[in-house]
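Each chain, written out:
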Amino acid sequence: MTDFLPPEEYAASLPKASVFGAFFFTDMDDRPVQLHAVYSAEHPWQLPGGTAEDGERPWQTAVRETAEETGLLVPGPPRLLAAVFGLPGASWPLATAGFVFDGGRLTDRQIAGFTLAPEEHDEVRVLPLEEWRALMPVQDFARLAALSEARRTGTAAYVGDWDREGDGEETAR
């Protein structure tokens, strides 16, 4: 018979990870909408969303964080576009597991109506996908491109190399 560790001991031995929920929005012409972060030079352009709080599920996180960051309330239902995973690195000591949901196509009026949380973001930008490449680290642009493709094809993406060791890398060229 095999001896098993008590659940608390086994859990303490496992890798630790943070969980996030976010939305991929585009304008009516399918150009990605992103927010400029005031706190992150490594990841300057971000999707609306953020880190889950205790007891929160990724969809709830995406809805709460997006409302806090933009004032936009996304009613659902959830449509998963991608699961995202990254290993820890110098700037974040935990692995990251995330779920990006389709936030839909927004009108110019909806985008102009964003009320940004100034302690987090100072700009909303809408650009054709390829124009984002020069503004983002390689792994961030790869995630954005995967989201765009997932929306286009209707098949969820798995972005399994959104690692923190890539922090500070050159932008995608």
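Provided above is the structure to which this section pertains.
Residue numbers here run from 1 along each chain, matching the order of that chain's written sequence. Note on the predicted model: pLDDT of at least 70 is required for a residue's local features to be given, and 80 or more for side-chain atom pairs to be given and counted; whole-chain, interface and lining totals, by contrast, use all residues. Side-chain metrics rest on all non-hydrogen atoms present in the structure, leaving aside hydrogens and water.

Draft legend 1. Up close: the packing of aromatic side chains. Here is the rule: rings of Phe, Tyr and Trp (six-membered ring for Trp) pair when centre to centre is within 6.5 Å. Planes less than 30 degrees apart are stacked, more than 60 are edge-to-face, and the remainder are tilted. Across all of its chains, the model carries 6 aromatic pairs by this definition. A centroid spacing of 5.2 Å and a plane angle of 90° characterise the contact between Trp59 and Phe101, whose relative ring orientation is edge-to-face. Note that Trp59 is positioned in helix α2 (residues 58-70) and Phe101 in strand β6 (residues 95-106), a separation of 42 residues in sequence. Whether a residue is buried, partly exposed or exposed follows from its accessible area with a 1.4 Å probe, protein chains only, as a fraction of its type maximum: under 20%, in between, or over 50%, in that order. Phe101 sits in the buried class, given a relative accessible area of 7%. An aromatic cluster is present here, built from Phe23, Phe25, Trp59 and Phe101 joined pairwise through their rings. Elements are defined by DSSP. Helices are runs of H or I of four residues or more, strands are runs of E of two residues or more, and each kind is numbered from the N terminus.

Draft legend 2. Inspection of the nonpolar core at higher detail. The nonpolar core is taken to be a set of buried Ala, Val, Leu, Ile, Met, Phe, Trp, Tyr and Cys residues, with the residues joined through side-chain atoms within 4.5 Å. Ranked by size, the top nonpolar core spans 20 residues in total, and within it Phe24, Leu47, Val84, Val100, Trp132 and Leu147 carry the most contacts. At the level of secondary structure, the elements contributing two or more residues to this core comprise β1 (17-27), β5 (80-86), α5 (138-153) and β8 (157-159). No other element matches α5, which puts 5 residues into this core.

Coordinates in, geometry out; function isn't part of it.
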